[in-house]
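Given next are the chains, with one letter for each unit.
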Amino acid sequence: MGFARACSVALVGVEGVVVEVQADLEPGVAAFTLVGLPDKSLVESRDRVRAAVVNSGAEWPQKKLTVGLSPASVPKSGSGFDLAVACAVLGAAERIDPAAVADVVMIGELGLDGRVRPVRGILPAVLAAAEAGYRHVVVPEQTAGEAALVSGISVLGVRSLRQLIAVLSDEPVPDEPSAGPGVPDTMSAGLMVPGAGLGTGLALPASGGTAHRPDLADVAGQDRARQALEVAAAGGHHLMLSGPPGAGKTMLAERLTGILPPLSRQESLEVTAVHSVAGILPPGEPLISRAPYCAPHHSATMQSLVGGGNGMPRPGAVSLAHRGILFLDEAPEFSGRALDALRQPLESGHVVVARAAGVVRLPARFLMVLAANPCPCGRHTLAGAGCECPPSAVRRYQARLSGPLLDRVDLRVEVEPVGRADLIGGGGRGESSAVVADRVREARERAAERLAGTPWSTNSEVPGHELRTRLVAAPGALMAAERDMERGILTARGLDRVLRVAWTVADLRAAERPDASDVAIALELRTGIQRGVPLRAGAQR
């Protein structure tokens, strides 16, 4: 009787569980039994592994073979267990030393010819292995760079099962021919899921300097909206842009990522892990360092926004926009159920998706930008534009965005049509994204220094209790906000959000704490009521 074990990782959402792959050989009729709650693609690994072992020059054991995946209560899916199953079987057959594979985590799909094909979710799988205490992982050669992002892990990238057998047996490693120049590489076909990114409107900023990046200097006029964008980027506040068609709402939203600071190392790992699981990780770029931008179409379903799908839930648009921008253009055209499903992730920074196959917790801390027209025809706020929408239609259109959802939006700006002087002349051009990004970075550094030692890094994350007890505004600064709350203009949540925006405005002007003018600016940005204070968040020095 022969017994051997290897290790692999089962992904549940973007979190991994280390699975022990056990192989047992007993005398009897040759058979291959796979147990441990596998799905259809994993059950089919029996045929893939057998063919890969034989075509790699090893002998398949003609005995009763049982392969168990432990813990058996965890659902296991995908083809990433093939490599671990093959090595466990070869260890039980004493083709390789069982001790050499006992504490090695192996992730990869096997082709019938023995080549090791890459799979999605390598980064979260290796992170789970590192947290469990494992120090050696074997992955496909194409994803070795992604696995190497995890510190403290020894990564071995292999191109075929034949190479891995040679490494584990201290034999000469054979050379495996790679695809030559101009020859399509079919091995990486499974990494990018067709439509997984483009279908949701996902667009990552280009990494090279040759690609054109949208710049705020391209925007003509729109001083108020530009300054609101700066406040949103500096504090991570949600933003709503409303105005007639052609005013530049989408143009402004697309330039928000250009003024956001680069992601930290931990944030980059979080974003890369989500994109790796979703199958939209850019080839050749294992680490995402810029904030993602996700703009789903208004016909998107609730499942595509918050996550779902058949079997184990997969990341939705809110998770793909983690640490980045979620732009909902034509927001009133989204279904009410889909929009209201955003309430919980907006507050908590994560989404919990419950399905029959299991419950998954996905990260979803994003900056939401809504864009909306004032009425179905879009000309309601234009003087002499001939809006023919009856008042009841205007009210129904604007009511598609529920009160609880709008209460979570910190900044609400009316985008006015661009005048001829700003559009044709040169006087309407404002600052470039690089200049604004420097101010945003400095404001974030001040907030991070103030919040050092706490679980929060931006003003939008600070709970209201902390704002009212430890991070106190200047004396008398909240008088206007308290009056609005007594009149019913502000809710308790709205007051907390006004305080957060006021701290961001103070950070942008390098003040120690917000005063009455900062609170007035925050109130104007939230309610749209003029307060008599010039909105110059980044210009006050």
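See the structure printed just above.
Only a predicted model underlies this, so the values are computations on that prediction, with no experimental measurement involved. Once a new chain begins, its residue numbering starts again from 1 and follows that chain's sequence as written. Local features in this predicted model are restricted to residues of pLDDT 70 or higher, and side-chain atom pairs are both shown and tallied only at a pLDDT of 80 or more, whereas totals for entire chains, interfaces and linings draw on every residue. Working from all heavy atoms in the structure, the side-chain values ignore hydrogens and water.

### Things to note about the packing of aromatic side chains
Any pair of Phe, Tyr and Trp rings, taking the six-membered ring for Trp, is counted once the centres come within 6.5 Å. Such a pair is stacked with planes under 30 degrees apart, edge-to-face with planes over 60 apart, and tilted for the rest. Inspection of every chain in the model, using the stated rule, returns two aromatic pairs. Seen from their ring centres, F32 and W60 are 5.6 Å apart, and the 40 degrees between their planes marks the pair as tilted. Taken as a pair, F32 in strand β3 (residues 31-35) and W60 in the loop between α2 (45-55) and β4 (64-70) lie far apart in primary sequence, 28 residues in all. Taken together, a centroid distance of 6.3 Å and an interplanar angle of 25 degrees make the contact between Y293 and F327 stacked. Separated by 34 residues along the polypeptide, Y293 in strand β11 (residues 293-294) and F327 in strand β12 (residues 325-328) bring together distant segments of the chain. Both residues of the pair, Y293 and F327, belong to the buried class. Strands here mean DSSP runs of E at least two residues long; helices mean DSSP runs of H or I at least four residues long; both are numbered from the N terminus. Only protein chains enter the calculation, and the probe is 1.4 Å; a residue is then buried if its accessible area is under 20% of its type maximum, exposed if over 50%, and partly exposed in between.

### A few points about the pattern of salt bridges
Where charged atoms from two side chains of opposite charge come close, those side chains can pair. Criterion for a salt bridge: a side-chain nitrogen of Lys or Arg within 4 Å of a carboxyl oxygen of Asp or Glu. Going through the model one piece at a time under the given rule, you end up with 32 salt bridges. Among the ionic pairs, D407 bridges to R493, the shortest N-O distance being 2.9 Å. Here the residue D407 occupies a position in the loop between α16 (403-406) and β16 (411-414), and R493 occupies one in helix α21 (residues 492-508), the gap between them amounting to 86 residues. D407 gets classed as buried once you look at its relative accessible area, which sits at 13%. Judged by its relative accessible area of 30%, R493 falls in the partly exposed class. A salt bridge links D407 to R526; the nearest nitrogen and oxygen atoms lie 2.7 Å apart. Of the two residues, D407 is situated in the loop between α16 and β16 and R526 in helix α22 (residues 516-527); the sequence distance between them amounts to 119 residues. Accessibility classification places D407 together with R526 in one group, the buried group.

### Observations regarding the sheet that holds β16
In this analysis, strands are considered paired if DSSP registers two or more bridges between them. Taken in spatial order, the five strands of this open sheet run β11-β12-β15-β10-β16, and their pairing is parallel. Each edge of the sheet is formed by a strand with only one pairing partner; in this case those strands are β11 and β16. Sheet topology note: the strand β10 (residues 239-242)/β16 ladder contains four bridges and is parallel. Within β16, the residue paired with L241 across the bridge is V413. The sheet strands contacting helix α8 (residues 223-235) are β10, β15 (367-372) and β16, and the helix crosses β16 at an angle near 165 degrees. Every residue pair with non-hydrogen atoms within 4.5 Å of one another is taken to be in contact. To obtain each axis, a line is fitted to C-alpha atoms, and for helices this fit is confined to the stretch in contact; angles are then taken between N-to-C directions over 0 to 180 degrees.

### Quick look at the layout of surface pockets
Any residue with an atom within 4 Å of a point lines the site, the site being either a cavity, points on a 1 Å grid over the protein atoms alone where a 1.4 Å probe fits but cannot get out, or a pocket, an open set with protein on both sides within 12 Å along at least 5 of 7 lines. Grid points are joined across faces, edges and corners, and a volume is the space filled by probe spheres set on the points. Computed from the structure, the largest pocket encloses a volume of approximately 810 Å³. Going through the elements one at a time, α14 (343-348), α18 (433-450) and α21 are the ones with two or more residues in the lining of the largest pocket. In the scheme used here, Gly and all other residues not listed as nonpolar or charged are polar, with Ala, Val, Leu, Ile, Met, Phe, Trp, Tyr, Cys and Pro taken as nonpolar and Asp, Glu, Lys and Arg as charged. Partitioning the lining of the largest pocket into residue classes produces 15 nonpolar, eight polar and twelve charged.

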